[in-house]
Amino acid sequence: MRRRLRLGGTRDGSQNKRMHFGGSKECARFLTVAWLAAMLPLAAATFSNGSFENNTGGACSPTTGTIELVAGSTCLAAWSVTFGNVDYIGGLPWTGQDGSSSIDMDGSTKGAIAQTFDTVNGQTYIVTFWLAGNPGGAPAVKSLQVGAGASTQTYLFDSTGYSATNMGWAQETFNFTANSASSTLTFASVDTGCEYCPWGPVIDNVSVSAETSSAPEPASLTMFLIACVGLALFRRMPAKTRRTA
């Protein structure tokens, strides 16, 4: 008992110091977890084949032409056709914005494609893609809907004056906040005025990145962690030593 009192002062003082140090340890643990959580979103999500160059081969390869992919098709690596049908363009009648391939979101009818990939719950992501329109026919103004998490947004592209040799590719962005450990990104044609027209919005070069500003900065968290550990060590010092320090 006397040894315990020498090390910790009074019984109450010893208990208080253990309690304070325990709180500091909890602080350190929390900051460590927060630092790791901040680092995770900085790693690239497992999103792939944003330029549609990869497919399962054989009948799924458009080579230098066009093939129609129907609902349920998994010809596109990492993507699936979830509604209607789309045209997989392999270089003709136009060349993609990045590489040779692109997707016309209208096959013989309006279609949709989707990809599911890893995300961090609560993290904001930025989707970047390039948009054009099949210049072959109506409607002149193509309509595309993009969705992920709880967010959706519609994009318009006026194909007037463009051609297969001058598609007028325009870069677009879409932001969403993940609400689970995985998210599904969907592109869908929402063309109006022509239910079965095969000339839809065209997409290529899709990429996904984490918005770093939505996560705590690792450097700041590291500083807090060091301060927290220092406070814990200070509180662990005997009272006499602290008074003379």
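Keep in mind the model is a prediction, meaning the values are calculated, not measured.

Visitor: Would you explain unusual backbone geometry in this entry?
Guide: Trans is the prevailing form of peptide bonds, just as negative phi is the prevailing case for residues other than glycine. The linkage connecting Leu92 with the following residue, Pro93, adopts the cis geometry, with an omega of 10°. Take Pro93: it is sitting in the loop between strand E3 (85–89) and strand E4 (102–104). Here the bond from Ala138 into Pro139 is cis, since omega is -5°, no more than 30 degrees from zero. Residue placement: Pro139 occurs in the loop between strand E6 (124–133) and strand E7 (141–148). With a phi close to 80°, Ala78 is a non-glycine residue in the positive phi region. Within the secondary structure, Ala78 sits in the loop between strand E1 (66–70) and strand E2 (80–83). Using a relative accessible area of 41% as the deciding quantity, one classes Ala78 as partly exposed. Phi is positive for Asn205, close to 50°, though the residue is something other than glycine. Relative to the assigned elements, Asn205 resides in strand E11 (residues 201–210). Under the relative-accessibility criterion, Asn205 is labelled partly exposed at 23%.

Visitor: Help me out: how do you make sense of the packing of aromatic side chains in this one?
Guide: Aromatic ring pairs are defined here through the distance separating the ring centres and the angle between the ring planes. Applying the stated criterion to the full structure yields 10 aromatic pairs. Arranged with centres 5.4 Å apart and planes meeting at 45°, the rings of Phe52 and Trp79 form a pair that is tilted. Taken together, the positions of Phe52 in the loop between helix H2 (11–39) and E1 and Trp79 in the loop between E1 and E2 put the pair 27 residues apart, joining distant regions of the chain. The pair Phe52 / Trp79 is uniform in exposure class, with both members buried. Here Phe129 and Phe187 contribute two aromatic rings whose centre-to-centre distance is 5.3 Å and whose plane-to-plane angle is 75°, an arrangement assigned as edge-to-face. With Phe129 in strand E6 and Phe187 in strand E10 (residues 182–189), the pair connects residues that are 58 residues apart, well separated along the chain. An aromatic cluster is present here, built from Phe47, Phe52, Trp79, Phe117, Tyr125, Phe129, Tyr155, Phe174, Phe176 and Phe187 joined pairwise through their rings.

Visitor: I would appreciate a short explanation of the sheet that holds E6 in the present structure.
Guide: Pairing between the strands of a sheet is mediated by backbone hydrogen bonds and can be parallel or antiparallel. Pairing is antiparallel in the open sheet, where six strands are placed in the order E1-E3-E4-E11-E6-E9. Here the strands that pair on one side only, and so sit at the sheet edges, are E1 and strand E9 (170–177). Between one strand axis and the next, the sheet turns through 35° on average, direction left out of account. Sheet topology note: the E4/E11 ladder contains two bridges and is antiparallel. Across the sheet, Ile103 pairs through a bridge with Ile203, a residue of E11.

Visitor: Help me out: how do you make sense of the state of the cysteines in this one?
Guide: A covalent bond between the sulfur atoms of two cysteines is referred to as a disulfide. Per the stated rule, a full pass over the model turns up one disulfide. Residue Cys60 pairs covalently with Cys75 via a disulfide, S to S 1.9 Å. Residues Cys60 and Cys75 share a disulfide whose torsion about the S-S bond is about -50°; that sign makes it left-handed. Residue Cys60 is located in the loop between H2 and E1, and its partner Cys75 is located in the loop between E1 and E2; the two are separated by 15 residues in the primary sequence. Comparing Cys60 with Cys75, the two get one shared label, buried.

Visitor: Looking at this model, I keep getting lost on the confidence of the model for the protein. Mind explaining?
Guide: Close inspection of predicted coordinates is inappropriate in any region flagged by low pLDDT. Summing up the model confidence of the protein, the mean pLDDT is 81 and the portion of residues at 70 or higher is 69%. Scored below 50 in pLDDT, residues 1–22 shows 19 contacts in the model against residues more than four places distant or in partner chains. Confidence drops under pLDDT 50 across residues 39–44; counting only partners more than four residues distant or on other chains, this segment forms seven contacts.

Visitor: For this particular structure, what's the right way to read the pairing of E7?
Guide: Every other side chain in a regular strand lies on the same face of the sheet, so the side chains alternate between the two faces. The buried fraction of E7 amounts to six of the eight residues, a majority that puts the element mostly inside the structure. Pairing geometry for E7 and strand E8 (residues 151–158), over eight bridges, is antiparallel. For Lys142, the partnering residue across the bridge sits in E8 and is Phe157. Relative to E10, E7 runs antiparallel, the two being bridged by four bridges. Of the residues in E10, the one forming a bridge with Leu144 is Ser189.

Definitions and cut-offs
- Residues numbered from 1 in each chain as written.
- Predicted model: local features only at pLDDT ≥ 70, side-chain atom pairs only at ≥ 80, totals over all residues.
- Heavy atoms only, no water.
- Helix = DSSP H or I, 4+ residues; strand = E, 2+ residues; numbered from the N terminus.
- Buried < 20%, exposed > 50% of the residue type's maximum accessible area, 1.4 Å probe, protein only.
- Phe/Tyr/Trp six-rings, centres within 6.5 Å; stacked < 30°, edge-to-face > 60°.
- Pairing = 2+ DSSP bridges.
- Axes fitted to C-alpha atoms, helices over the stretch in contact; angles between N-to-C directions.
- Disulfide = S-S within 2.5 Å.
- pLDDT = per-residue confidence, 0-100.
- Contact = heavy atoms within 4.5 Å.

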